[in-house]
Each structure stands twice: as structure tokens, then as C-alpha cells.
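Working through the structure, step by step
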Amino acid sequence: MALNYLASISRYVPELLSVVIMVGLIFIEACYDREEKKKPFFYLAAFFGLTFVFVNLAADLSKPATMIFTGSMTIDPFSTLSKMLMVLGTMGAIYLSKESKDIYDNLKSEFAIMAVGVMIGGMILASANNLLMVYIGIETLSILSYALASFKKNEERSSEAGLKYSLYGGISSGIMLFGMSHIFGVFGSIQFADIIAGLNGLSTAQLAVLLPSFIMFFAGIGYKIACVPFHMWAPDVYEGSPLPVTTFFSIVPKVAGLAILLRVTMTFFGQEGALQVTWVGALSVISALTMTVGNVSAIGQRSVKRMLAYSSISHAGMMMMGVVVINELGTRSILFYAITYLFMTLVAFYVTSFVADKYGNDHFERFSGLIKRYPLMAIMMTVVMFSLAGMPPLSGFVAKFNILGALLSEKHYMLALIAVLNSVVSLYYYMKIIRLMVLKDVESMEPIIGFGVMNQSIILVLTVPVLALGLFWSGIMRLTEGASIFLGP
Amino acid sequence: MNGHSNLLNWILWMPMIGVLVVLLLPRNKEGVIRYTALINSIITFALSIVLYMKFDPTTPGMQEYFKVLHPWISQFNINYSLGVDGISLPMIVLTSLLCVLCVLCSWTISKSVKAYFALFLFLQSTVFGVFMSLDFFLFYVYWEVMLIPMFFLIGIWGGENREYAAVKFFLYTFFGSVLMLVGMVALYFVSADNPSIGQNTFDILALSGGKFTDLSLRIFGVDISFAKFFFVMMFIGFAIKVPVFPFHTWLPHAHVQAPTAISVILAGVLLKMGTYGFLRIAFPIFPQASVYFADAIAWLGLINVVYGALCAMAQTDVKKLIAYSSVSHMGFVMLGLAAMTVQGMNGAVLQMFNHGTSTAMMFLLVGILYERSHHRWIVRPDGTKGYGGLYTQLPKYSIVFIIAMFASMGLPGLSGFISEALIFLGIYQKYTTITVIALLGLLIGAAYLLWMFKRMFFGEVLDDCKSYTDMNAREIFYMSPLIIAVIVFGIYPSPILDVMKVSVGNLVSLLAKFN
């Protein structure tokens, strides 16, 4: 049932609120003096506003799923949960940008504004239920991201990152638009519901002709998730962007991209048939490649940031494996994975950022002997690294276990094997940091300014879910179980 | 016996209580920390003795009296479920005994004492977890968590090349266990289709009994037997731990680099986790595949015996020699398992216990010597002797060394003999050739041990060796339980054989059904 416009707006509050926050932040920013560095009210407003959005979304979680705006968007627990993750990720990145030295002082507030903008794009994408909304979502997400990538204006690498990102982005959205227009041409509608209805009436030969347009459609989404072979931009962008931006990129666009990929897969390819077999086959290969390429590239990195960026590609590949199975278990495992991944990534990037700020670079050696200087931080980082590699009893393991469960419930034995072998590879490079932090001697005892009491407590709080969700995950399972995708009335 | 007991919970969590206490103590109170760890491990040992006393050797399978069962993750039907039978009981007792001795022999550790004992007690708890778990998921969690304290214990307190050894150990074992993980999850999803189980479960006992013999799975369009495929996966997982021949390369590094106490735990307990995995999981769940692969296991076991012994013979580092002798001795366990006869299996489990005591003795003795000499060369790289005439210099030490050496060689009257004899009795019924070659391995075993003894203990007393002092009271104290164990169980093995007989017999009869 599609709600009428007024009723639709009542379910659209979080997005509208986010827009209000974004505009409000621009105003607050304008009120500050040019030389003002701290801008306390700006951040207060940003965090307060985003928390409000989060609470709003959380309240929305228990409401029934529905289509709004004549069926162009779906508000279901799945999209709401994805949006909650995006809001959390945005808050995490904004806080990091406030503390980080990697981002110019006078651009910090701009980062926050743009991040909220990207988040709005992601929210639209997570709810999109017709081709146009998908396109609008992806473009909103992308255009602001191009600006974010080139944030270090004085550095060549950052401008290069921005340019590359926008070029690749432009091409892939062009391809996607082409695929969409073909789909529209065949079905005469941009609504997902009409397309599904049309799909059922097609013969196998017609489907075979249509499949390339779906693949083109996928190019746009795959580009956002940075899956192989659309990942070429990722290393340069991750490297060139300031660290808070990299943190942001490895969370929000990924969650948004996965959400829409999952929705598209579940709606269009939910029924068994030739189309599903091909799509699943393609996704299996792509997810396996994404994982492997991300992991293998991460091994040789000297910079921790690059390593984390590559590993985020491989984690996206892991989450894509949950899409392959096209069932409830897959959806739930992806959500679980995204939740734990959010916390793990934030902690890893926070620690890396503060260490990098101290030394001006984030090479692995900078972590040497961290346990002697900041035992708590080193332990938290160790926990997170083990968790990212999938060691029990940490939440990363449970997330991997869920994905494996989803894969094996549909008897994808080969994919399951590839997934676990990849986690062995990933353990190698995650362990490199642990080894340096714990086993090596300390380089210098100079204090790291970033590790103030406040930041340490925040890192500690962010690590708690990593530990707790590894042991007591019944509750979260119930949450993700409820968050299934609404396929229509 | 009626009623119910939480004894297993107590044994499992007692070391964790110790971890908490140690963590709460201030870092500079090293003496208090040491005594806390010691008292804690003694209490755990006492509890395991109580467990042994209350254990009813006539009941086959898991003893109802000790079972612990709490739901953990209801969505996946995962339970916190513990139990004990005749196969795990000797391992639990062995672990708690060795841990007391290891705490004593770690008395001289001076680097970050607090972290060391916290990690050590944590390790002890996870090892108990592996031996007690009846839920596959719980088993896997403990199996993996165990790597974390081990990694740090080798990596921080080990020898010069400790980092490499720790990382290699970690990656190898992790590789094996993720293969097991796939098998575990796959079993969970096929278990519901099985009429005799009827629901998705991780319960090891429910999965056991050869219920998956007819299933097949499809990889790249080829149908493979489900049981065989996942038996191989799990075999690799457990074989890395044992370690079985092609997967053994982590062992010499880890053993040599680890501090003495950790080598003892590694050789005495952790290697047994691999063979325990066969006995508890791989064999009962896939009996048909086990029988199918028995020949291969036997040959791999044989390679272990002979290859391990030959490698040991070539070593000039005494600790590495002992490490390779472990490879060889674990080969006997594999042979006993492959025999799948009553004698062979009993021998294998007994050998697991006996190797635990004898190899622990050897490692402890090497550790004692190392504390005096700060090197471990039998022959130094430049060709000169590392030790000489220790017999005259260290008489008490030498006597203990002789007992340990003969026990590990399998001399009649000492513990190793009985288990090896049982294994040979078992294996001879099935594999005559292998038995004959394995006996040759036994001979090489005697050769390298005696040759080592000759080079180190006889001859002129080297100048370096003149400053060495004989074993002190603490060292004699922690060696004595092991000396008693190898002698008593060499003459009278019934205390162990009796408790495991029924459980082992159960497994053998299950396997016999598929033979």
C-alpha cells in the first residue's frame, strides 16, 4: 500500500530532518568568524541533530513497512537499519574530522556539511524503489564525495583522487543510466513493482537480451561498493583523501551501495529462473574476486590507512556474499556484518589517525611498541584487528560466521571456502600491526596528543560492541531478523 | 550417581577467576602474582582430581552427572554445553597437572610478570574449554581463542626468533581451523534434513554416529561425498595441530622459541587437542569416511614416526631435538587411531597422556639446563661441543634426565612402553608392513636419545659446564610428580586405562560398524 503524500511525509521525517541539519549547519558555519577554529556550537548542533535523526530512525524501526510517494521509496526495517548505520558512521567520521590534523582547520566544518549531504544521498539510496530514485541517490552520494576526495587542496594526490573519482563516477553513472533507460524502454516504467511484473511475462530469450542492461545497472552500484572490476578508483581515492574522509568513504557509501544491491537483487531476482542463476553466478564471481583482490593488495601496503582501505574492499566482498544467497539469512547476515564492521572500522581508523597525526605518516612502524605507551589503545586496536580477521570470541567472527551460515544454507561450498581462506590471508596483515604494537620495542616515548582522555574513552566505548557482540549476539540477531526487506504488499 | 554437579564449570572458570585476580593486582607485586597463579592452578588441579574420583568409569559416553547445558544463541541453537567422558578426563587431569608445574617453572620469568601469568591462566581455561565442549560452536570458539594467549606468550617471552615463530604458529593453526569452521557450519545446515536429528544443531553428540554417510555435495558440477569432503577439511584442521607430517613445519619453530613453560603446554597439551579432535569430532561424526581414509592416516602416522625420528637425530639444538621427537611420538598416536581396534585406540589415548608427561619432563629439563647455560647446543654451529660431562657435574639432574629419556624411549617399566605396546598390538592386526617400519622408528628413537645423552652427559667436563649448579629444591619439587607419573603408570596403567576403556570401546564399536 502506497501512502498518500501527507502520510508519506510522516515516514520521511529522518531524511527531511537531515536536510534541515545540513542547511542549518551551513547557517551556523556562516555565523562564525573566518579565523575561528573551534566552532563548538557547530559541532554541538551537528551531533545533536544527527542523534535526533538516529533516535527518530530507531523509533521508526518497529513501524510496519510501507511504500511512500506513490511507491517510489520503500520504508522498511531494513532500510531504516541501514540508515541508522549511515548516521552512526557519519557521526563517527565527523568526530574524527574534528580531532584530526589531516584535514585543514578551515575545511573541517565543510567536511561535516558535505558528509551529512552524502549521508542524505545514502539514505535515499537505501530506500529507493524505482530507477530514478536509485539514480538520484547515487548522484547525491557521488557529487559530494568528489569534493570530499579532493579536500587536501594543496596536495597533488588529493586533487588527483578527486579527479579520478569524478571521472570514474561520471562514466559509471553514465553506463548505469544507459542500462536503466534500456530497462525503462522494455517495461515502460521506472517503478520496481512494474518491472517485476513485466519480468514474469518475458521468455528466456528476451531475458537474455535484457541481462546486459541489468549488468550495466549494476556497474553504478558496484562502483559505489568498490567491488572488482569497478574498484580501480578506490586505492587512489582512499590514499589521497584525508583520513577522516577515508573513514567516511569506507562506511557510508558502502552501506548504501550494499543496501541497494541487496534490494535490487531481492526484488528482481528473488524468483528462481535463468535470470537468477546468471545474476547469482555473476555476483558470486564478483564477490569472490572483490574479496581476494582486496586482501591480496592489502598485504603489501606500507601505510596502515591504505591497508585498511584495501581491507574494506575485501570486507565489502564478504558482505556481497550475503547478497548471493538471496534469502532472509543473507539479509540478516549482511546487516549484522555491517553493524560490527562499522564499529571495527571506526576504532581502527581512529587509532590510526591519532598515530598518523603525531608522526605525519601512518606507516606500520609508527605503531611499534604502542602497548608500552598507550596500553589501553594498543589493546583496543589488537581486539579490533583480531575481530576484523574474524577471530572468536569477537564480533567480527560472529559476522563471518553468519555470512558462512548464509552461504552454506544455500550450499555455496566453494564460496564459503574462498571466504574462510581469505580470512587467513587477512589475518596476516592485521597481525602485522598487532606484532608491531605488542612485540616490538617502542620508538619514542613522546606522548601522542590525540590520545587524550576524551578520545581514549570514545575509542573504548566504540570497542565495547566489538567485544560484546561476539559473546552476546542473540539480541542483535533478533534486531536484524526483524529488519527484512519489504518486497511489496 | 544421582544429582548434578557444576564441577566442570568450576574447573573451566577457575583459571579465569585467576586471570581476573592477577589483572587486579598491581604490576609490581610480582611475588603475589606468582603465588596467586600457583594457588589458582593448584585449586584447579585439586578440582580435576575430585572430578576423577567422582567419575564413573563404567558409564559409556558423556556422564549425565557432570553435564552442563545452558542455551547461548537461540537463533542458531547454540548451547553452552559441557561434558566429560573417558577420553576427555585424562586430558583434563593432564592439563591441570602440567599447568601447576608450568607455573612453578615460570617462577624465574621476570619480564611483565602480570601479563605473563594472566595470559597463562587464560590459556589454561581455553584448553579446558576445548576438552569439555559438547557443542561444536563452543568447541570452535575455544579452539580459536586459545591461539590468542599462545601467540602473545610465544611472541613476547620467547627466544630470539620469537615473532616469526608466533606468527607462523598462529597462521598455520588458523588456516586449519577455518577449514574446520566451514565443515562445522555445513554440518549445521544439513543436520535438519537428517531424520534422526530433526533440527539444525551444533550438538556434537547429536551429530555423531555416522548420520551423514549418504549425503553428497556439488562443487563445480562434480558430486563429492559430503562426509569424505568435510572429513578431509577437518582432518587438515586437526592434523595441523597434531602435527601430522606435511603440516608439521610450524612446530619446531614454535617449540624452540617458546619459553619453557609454554613449550611444555604446547607439547604436553596442545598437540593432544589435535588427536582429541579426531576422537571427539572427526571420527564419531564421519565414521565411514574415517574408515575410508584409515590407510592414509596410518601411512601419514608412519611418516611422522620415522621422519620425526630422523629429523630429531640430525638436530644439534637439544630443544629442537625434543620438538622433533614429539612429531615422532604423535605419529604413534596417529597409528593407534588409524588401527581403529580396541588396543590401538586405547593405546593412542594412553600415549596422549604418557607423551604429555614424558615430553613435559624433557622440556622442563631442557629449560632447567638453559637457565644455567643460556644456550641449547649439543654441538655448536662452529663444531665444538656445547655440553660435556654433565653426568659428573649434575648428578641429580642426570638421574631425572635418564628417567625422562627412557620414558620417552618406551623402555619397559616406564609409561611410554605400555602405550606404545598397545598401539603396536592394535596396528599389527591391520597393517603388518607399517608395524614393522614403525618399530624401526622406535629404534631410531632410542638411537637419537641415547646419542644425545652420550654427547651431553659423558666425556670430559667442559669448562663452561663447571659453573652449573645441580637442580634446586623448587626444580626437584616440580619434576617429582612427573617422575612418579611415568614410573607408576609404567607399572600400573589401570588408573587411566580403566576410565577411558568404556568410552574408547564405544567409539571403536561405532567405527567397526562401517568397517
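Residues numbered from 1 in each chain as written. Chains lettered and ligands numbered in written order. Predicted model: local features only at pLDDT ≥ 70, side-chain atom pairs only at ≥ 80, totals over all residues. Heavy atoms only, no water.

Observations concerning the domain arrangement of chain A
Residues and elements named next belong to chain A.
- Looking at the assigned domains, one finds that chain A contains domain 1 (1-268) and domain 2 (273-489).
- At the boundary of domain 1 with domain 2, total buried surface from both sides reaches about 4800 Å², with 79% on carbon and sulfur atoms.
- It is Val228, Leu243 and Met266 that lose the most area in domain 1 upon contact with domain 2, and together they represent 13% of the buried surface on that side.
- Taken together, domain 1 and domain 2 are joined by one salt bridge.
- Across the pair Glu239 and Arg306 runs a salt bridge, and its minimum N-O distance is 2.8 Å.
- The interface formed by domain 1 and domain 2 contains eleven residue pairs in polar contact (both at pLDDT 80 or more).
- Of all the secondary-structure elements, those providing two or more residues to the side of domain 1 that touches domain 2 are strand E1 (66-68), helix H4 (77-99), helix H9 (204-225), helix H10 (233-240), helix H11 (243-249) and helix H12 (252-268).
- The biggest single contributor to the side of domain 1 that touches domain 2 is H4, with twelve residues.
- Residues belonging to the side of domain 1 that touches domain 2 are distributed by class as follows: 32 nonpolar, 14 polar and eight charged. (Domains from an automatic or database assignment. Buried area = accessible area lost by both parts, 1.4 Å probe. Salt bridge = Lys/Arg side-chain N within 4 Å of Asp/Glu carboxyl O. Polar contact = N/O pair within 3.5 Å; in protein donor to acceptor, adjacent residues only side chain to side chain. Helix = DSSP H or I, 4+ residues; strand = E, 2+ residues; numbered from the N terminus. Nonpolar A, V, L, I, M, F, W, Y, C, P; charged D, E, K, R; others polar.)

What to know about the interface of chain A and chain B
- Residue-level contacts link 40 residues of chain A with 41 residues of chain B.
- Summing the contributions of chain A and of chain B, the shared interface buries around 3500 Å²; its carbon and sulfur component is 82%.
- For the chain A face of the interface with chain B, the top three residues by lost area are Phe401(A), Tyr413(A) and Leu439(A), together amounting to 19%.
- Taken together, the links from chain A to chain B amount to two salt bridges.
- Ionic pairing is found between Lys440(A) and Glu163(B), a salt bridge with its closest N-O pair at 3.2 Å. (Contact = heavy atoms within 4.5 Å.)

Some thoughts on the pairing of strand E2 (residues 78-82) of chain B
All names here are of chain B.
- Burial analysis of E2 places five of its five residues in the buried class, the great majority of the element.
- In the sheet, strand E1 (residues 68-73) pairs with E2 via five bridges, with the strands oriented antiparallel. Directly across from Ile73, in E2, lies its bridge partner Ile78.
- Turn length for the E1-E2 hairpin, with the two strands adjacent in sequence and antiparallel, is four residues, and the turn residue Asn77 shows positive phi of about 55°. (Buried < 20%, exposed > 50% of the residue type's maximum accessible area, 1.4 Å probe, protein only. Pairing = 2+ DSSP bridges.)

Points about the environment of Phe367(A)
- Considering the arrangement of structural elements, one finds Phe367(A) in the loop between helix H15 (328-359) and helix H16 (370-373).
- Taking C-alpha positions, Phe367(A) is 9.0 Å from Lys440(A), a pair spaced 73 residues apart along the chain.

Details of the domain arrangement of chain B
Residue and element names in this part refer to chain B.
- For chain B, the assigned domains read domain 1 (1-183 + 251-279) and domain 2 (293-515).
- Each of domain 1 and domain 2 has a C-alpha centre, and these two points are 22 Å apart.
- Listed by partner, the interface residues are 38 residues for domain 1 and 40 residues for domain 2.
- Note on domain 1 versus domain 2: buried area summed over both sides is about 3300 Å², and carbon and sulfur give 77% of it.
- When residues of domain 1 are sorted by the area they lose upon contact with domain 2, Leu101, Val256 and Leu279 head the list and together hold 17% of the total.
- Counting every contact that joins domain 1 to domain 2 gives zero salt bridges.
- In this structure, the connection of domain 1 to domain 2 is made through nine residue pairs in polar contact (both at pLDDT 80 or more).

Examining H9(A)
Residue and element names in this part refer to chain A.
- Here H9 spans 30 Å end to end across 22 residues, near enough to the 32 Å set by a 1.5 Å rise per residue.
- Along H9, the sharpest change in direction is near 30° and occurs at Leu210; proline Pro212 comes one to four residues later.
- Two residues or fewer past H9, Ala226 is found with a positive phi of approximately 65°. (Expected span 1.5 Å × (residues − 1). Bend = angle between axes of the 7 residues up to and from the residue.)

A few points about the nonpolar core
- Membership of the largest hydrophobic core comes to 416 residues, with the highest contact counts inside it found for Phe217(A), Phe401(A), Phe136(B), Phe283(B) and Phe286(B).
- Broken down by element, the residue count for this core peaks at 20 residues, all from H15(A).
- The contacts of Phe286(B), once residues within four sequence positions are left out, are Leu187(B), Phe212(B), Phe226(B), Ala227(B), Phe230(B), Phe231(B), Met234(B) and Ile281(B). (Core = buried A, V, L, I, M, F, W, Y, C linked by side-chain atoms within 4.5 Å.)

What to know about the state of the cysteines
- Tallied over the entire structure, the rule returns zero disulfides over all chains.
- With no disulfide partner, Cys105(B) has as its closest neighbouring cysteine sulfur the one in Cys102(B), 5.3 Å distant. (Disulfide = S-S within 2.5 Å.)

Remarks on unusual backbone geometry
Residues and elements named next belong to chain A.
- With omega at 5°, the peptide bond leading from Val228 into Pro229 counts as cis.
- With respect to the helices and strands, Pro229 occurs in the loop between H9 and H10.
- That bond from Pro392 to Pro393 is cis: its omega, 0°, falls within 30 degrees of zero.
- In this fold, Pro393 is placed in the loop between helix H17 (375-389) and helix H18 (395-409).
- Even without being a glycine, Thr70 presents a positive backbone phi close to 45°.
- Of note, Thr70 is situated in the loop between E1 and strand E2 (73-75).
- Phi angles above zero are rare outside glycine, and Lys411 is one such case at about 60°.
- Considering the arrangement of structural elements, one finds Lys411 in the loop between H18 and helix H19 (413-439).
- According to the relative accessible area criterion, Lys411 is partly exposed, its value standing at 41%.

Topic: a nonpolar patch on the surface
Residues and elements named next belong to chain B.
- A contiguous nonpolar surface patch, about 490 Å² in accessible area, is contributed by Ile484, Ile487, Val488, Ile491 and Tyr492.
- With respect to the secondary-structure elements, Ile484 resides in helix H20 (residues 473-491).
- Judged by its relative accessible area of 52%, Ile484 is exposed. (Patch = residues over 30% accessible without salt bridge, like charges linked within 9 Å, V, L, I, M, F, W, Y side chains within 5 Å. Areas by Shrake-Rupley, 256 points an atom, 1.4 Å probe, with all protein chains shown as cover.)

Topic: the side chain of Asn304(B)
- Assignment of secondary structure puts Asn304(B) in helix H13 (residues 294-314).
- Excluding residues within four positions of it along the chain, Asn304(B) makes contact with Pro243(B), Val244(B), Phe245(B), Ala309(B), Val327(B), Ser328(B), Met330(B) and Gly331(B).

Description of the packing of helix H2 (residues 13-31) of chain A against helix H5 (residues 108-127) of chain A
Residues and elements named next belong to chain A.
- In the contact formed by H2 and H5, the axes pass within 10 Å of each other and the chain directions differ by 165°. On the basis of their axis angle, the class for H2 and H5 is roughly antiparallel. As H2 runs across H5, the sense of the crossing is left-handed. Between H2 and H5, the contacting residues are Pro14, Glu15, Ser18, Val19, Met22, Leu25, Ile26 and Glu29 on the first element and Ser109, Ile113, Val116, Gly117, Met119, Ile120, Met123 and Ser127 on the second.
- Across the contact of H2 with H5, the residue classes break down as ten nonpolar, four polar and two charged. (Axes fitted to C-alpha atoms, helices over the stretch in contact; angles between N-to-C directions. Parallel < 35°, antiparallel > 145°, perpendicular 65-115°, else oblique. Left-handed = near helix turned anticlockwise from the far one by under 90°.)

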